[in-house]
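Now for the letters of each chain:
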Amino acid sequence: MVIQNMLPKKMLQIVLLLLVSNTIFSQKIVRYDLYVKDTIVNFTGKEKRAIAVNGQIPMPTLIFTEGDTAEIHVHNQLKESTSLHWHGLFLSNKEDGVPNLTQMPIEPNTTHVYKFPIIQNGTHWYHSHSGLQEQIGMYGNFVMLKKQHDPTFRKGIDDLPTVPILLSEWTDYNPENVHRMLHNATDWFAIKKNATQSYAEAIKAGHFKTKLKNEWKRMLAMDVSDVYYDKILMNGNPNSEIGNIDGKQLKAGDKVRLRISNGGASSYFWLTYAGGKITVVANDGNDVEPVEVDRLIIAVSETYDIIVTIPAENTAYEFLATTEDRTNSASYYIGNGIKQLKSPQPRLKYFEGMKMMNDMMKMNGDLDDMGMAMSLNQMDMNVVMYPEITGDAKPKQDNKDPNRYNANALADIVTLNYAMLKSPIKTELPKNATVKELRFELTGNMNRYVWSLDNKVISETDKILIKKGENVRIVIYNGSMMRHPMHLHGHDFRLLNGHGEFAPLKNVVDIMPMETDTLEFNANVEGDWFFHCHILYHMMSGMGRVFTYENQAPNPLIPNPKLAQRKLFADDRKPHFMADKDFATNGNDGMAMLQNTRWSIGAEWRLGYNDMHGYETETHIGRYVGKMQWLIPFIGFDWRYRKMGIDEQEDNLFGQVNKKDNRTAISLGVMYTLPMLLNFQAEVYHDGIVRLSLMREDIPITKRMRAGFMVNTDKEFMADLRYILNKNMGIRTHYDSDMGFGVGLSLNY
Amino acid sequence: MNVISKISMAIILLFSFSFCDAQIQHTKTESVKIYGNCEMCEKTIETAANIKKVANVDWNKDTKMATLIYDSTKTNQDEILKRIALAGYDSDKFLAPDDVYSKLAGCCQYERVNKTAIAKTVAMEDHSMHKHETPVETKQEVNQLKTIFENYFAVKDALVKSDGKLASTIAKDLLVKTNAVKMDKLSSEEHAVWMKVLSSLKSNTDKISATTNLEKQRNAFMALSANFYDLLKVSKQETTVYYEHCPMYNDGKGANWLSKENTIKNPYYGSQMLTCGKTVETIK
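Residues numbered from 1 in each chain as written. Chains lettered and ligands numbered in written order. Predicted model: local features only at pLDDT ≥ 70, side-chain atom pairs only at ≥ 80, totals over all residues.

**Student:** An account of the overall build of chain A is requested, with residue identities and associated values reported.
**Tutor:** Assigned secondary structure in chain A consists of ten helices and 45 strands. In summary, chain A has a C-alpha radius of gyration of 28 Å against a globular reference of 27 Å for 749 residues, a match within 12%. Considering chain A as a whole, with its 749 residues, one finds that 45% of them fall into the buried category. Restricting the contact set of chain A to residue pairs at least 6 apart, pairs at least 24 apart contribute 68%. (Helix = DSSP H or I, 4+ residues; strand = E, 2+ residues; numbered from the N terminus. Rg over C-alpha atoms; globule rule 2.2 N^0.38 Å. Buried ≥ 20, exposed ≤ 12 C-beta atoms within 10 Å, placed from the backbone. Contact = placed C-beta atoms within 7 Å.)

Here's what the structure looks like:
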């Protein structure tokens, strides 16, 4: 870690040297060399693979002054391709760093040079746009300072001692595996977070009806974030201290400016400070009128510049970044001396959240805002889960102190929302330009982790054509159950938030469920610009669009646009594999499935240990239909062999004879998810035999106990109970009409 | 049946493994000062610090010294002391958050020798948090309606917190204070409105005090808010008051309330819809 910390300082010195020696020249080239290399890190006691640039995580802080020309040499020493995207920067499209869209990927052992003039100032950041590399270390600060005599220079803000802070998260799991697990609706992360919201927990919390209604409306346990992280990092460390800046010791009364970028792949962070109020002075690299708050939430990929004060001598004050789900945090101690802590954000009241979701969710899967026009994060439905706003989950320890309710509940804390951001300068768009209005609905479904715009993923849509010079206005409604930080490449947009001509400029807008936000920008740089959700796993699932300009010149870095597009689309077309295998005393059960956004190929098998118990397999190829993907028509192929044994049932409920001894059949069928998450399946075989079945898997009984059952018209039935030991293993006991009682080890992938 | 018992045996066996092996390995022992007072402190400190198989802390209330025994491969002194500080107890490395310290029982409010006083006025803001801890007693001569306004706000706050018991208690107090208002001391404008709303105001307050059922209380509070709105229009208060509106309550007909804060904290739904609503009028 020591070596890592040395590097940015050296860089800084070089840059400073360059700054000093070159002020006479108007066009100054600032060069950085970035060596991207595999590395091993140890954040949790286990050694894991990560990617370091110049030997450090995060990547080095790059500092420029407006007017410079940046020249960044990226040396790819990985065994895979990479890319770097300059988040929030105005540059020509071929420098934007999106592989297969604005350039071809930087192949291993090659060097790519990004060169662009710096024509703006503010706090930005940069990250890999290739695969899931951003999760394992490829994020860094990108700071552009104002010119010396910039008219927008703000005394008391732009001349303060400054610390760039990059927020990120670390998981010991391979991100590819995280992505796969999310698509398979794993509840392992919920178990890790202690947020399973099982029936037992619901009953204990007096929320049995809430849980029942939740499952009736076909929802899985709700949460504010998807992934459990082992560590939260600020500049690569869970705990950091800063006692002096630029060689000057910090003392009481000093103000410090923090340039904060959220480089987390999927985490929002609450920012709080032990030394009093936080003054927000810029957002997404653009100045805003200073506004004082007690706390703010920073969406994935947003940046905020804030000012904090050191109130007393001999004390270091904790600046705390807590994940939105409040399971983990990182601390930065500002000042010298004993560490004054900040109270952690209390645990979420999940069942209150579940109740809220029940009220908002209609039976058809649409959300119902009950006539409230929601926008700009002003109304946060999640407050029902925040004990610091709405009181403790349950006043169970009434015997303690009756006053404790008073002090806790409804403290007058100010939380930042977008309506409070106001630009100090006019940001109006050219008045005589034509206006193109686009509307998008953010759509998705948690159960299958499919995220899209207007229920279409990137690979299912064409690029959106816009004309150079026109004003593009985008109205976005979030009809999904998660919040999404939507990011536009290459342009800042105005977020229409009631401040008229002083609407703030941003490049990321966080939209909560049921909110509608309007943003607009002038189309002034040709190219293919990505517009996408910045939650890494949502983006990789295809939640985005590409804007392209009419009649633009071809990009010299994309020699074969067709090939590039196919590779770009491959990201969200990628199938995800899952498998279960149960080794039990009465037989071997299992299934394997390959799924992508719309298609599913799955095989199930039940293999007995003797002919009486029998052997059978079923294979289904199906396509998910509709926004909620509750309906799946499929083609099936069955084979089974059995000598009559325990349960002799050869005719079904419809009086059809269904020989089980040796049967090979093709079928057509549909599967539909009923309320209570019951899977109803109807199948007709080529010989006219009909089979209906009803199944429910993974009923959360307790935190780690799951139950399931199946019945069908062939008079077969099965019931099982599983205790989850870890991510991939459980103990399962089941009763099966063909094979009888069994107990064994169940593995899942 | 046999199978079930076998399974449960296996499970019990599995669990029992984790019980017999609760000792800390790779131990490191340290002695650290932690500020506190009494046996209750000791319990809080040790509960906060101990983690099975990782850390064990024994604090002595007389010497104020704690013996930390922990697995040095799994944790460190800072982590343990931070947990203790977050439970309210200062050490020489960490200061407890002020809100946690202030919530310690009276006997546990030890002297915070490590805390450096804040030189400037920065901390003054914190006091605003404790404003409705004690019932307000104002000089009757100055503004006798102020007292009942404060009471009204307290009822509102109780409803925001969905605390029917508290709302009922405060409403009882409000009734007493309402009866104590000396009408001859009111200005003529105030007097006229007072006479108009008095009976309704009293009956609405009575309804709130008579029950702890939130639904009934909120229904009465809607009418009570109208009474107070009328009063406020003629009786100017020192602080700005906001007239706020919830569009959903009363079967979508909407309902209003008065608040001293411009931020929305909805008394008709409490935590269910806390921030639903908007300010419709600012009364200065």
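**Student:** Any chance you could break down the overall build of chain B for me, citing the residues and the numbers?
**Tutor:** Counting secondary structure elements, chain B contains eight helices and seven strands. Burial status across chain B gives 32% buried among its 284 residues. Within chain B, counting contacts between residues at least 6 apart in sequence, those at least 24 apart form 58% of the total.

**Student:** Please set out the packing of helix α7 (residues 188–210) of chain B against helix α8 (residues 214–234) of chain B residue by residue, giving values where relevant.
**Tutor:** Residues and elements named next belong to chain B. Running from amino to carboxyl end, α7 crosses α8 at an angle of 165°, the nearest separation of the two axes being 9 Å. Taken together, the axis directions place α7 and α8 in an arrangement best described as roughly antiparallel. Crossing angle aside, the handedness with which α7 passes α8 is left-handed. Seen from α7, the contacting residues are E189, E190, V193, V197, S200, L201, N204, T205, K207 and I208; seen from α8, they are K216, Q217, A220, F221, A223, L224, N227, D230, L231 and V234. Split by residue class, the contact of α7 with α8 holds ten nonpolar, five polar and five charged. (Axes fitted to C-alpha atoms, helices over the stretch in contact; angles between N-to-C directions. Parallel < 35°, antiparallel > 145°, perpendicular 65-115°, else oblique. Left-handed = near helix turned anticlockwise from the far one by under 90°. Nonpolar A, V, L, I, M, F, W, Y, C, P; charged D, E, K, R; others polar.)

**Student:** Quick rundown of the environment of L84(A)? Include the residues and the values.
**Tutor:** Residue and element names in this part refer to chain A. Relative to the helices and strands, L84 resides in the loop between β4 (69–76) and β5 (85–87). Between the C-alpha atom of L84 and that of T443, which follows or precedes it by 359 residues, the distance is 28 Å. With sequence-adjacent residues up to four places away left out, L84 is seen in contact with V74, G97, Y114, Y126 and S128.

**Student:** How would you sum up the pairing of strand β38 (residues 631–641) of chain A? Please name residues and give values.
**Tutor:** Residues and elements named next belong to chain A. Judged from the eight bridges that link them, strand β37 (residues 615–623) and β38 form a sheet pairing that is antiparallel. Across the sheet, the residue bridging to E618 is D638, located in β38. In this structure, β38 lies alongside strand β39 (residues 662–674), joined through eleven bridges in antiparallel fashion. Each residue of the ladder has a partner; that of Y641, found in β39, is N662. (Pairing = 2+ DSSP bridges.)

Treat this as a map of the structure, not an account of what it does.
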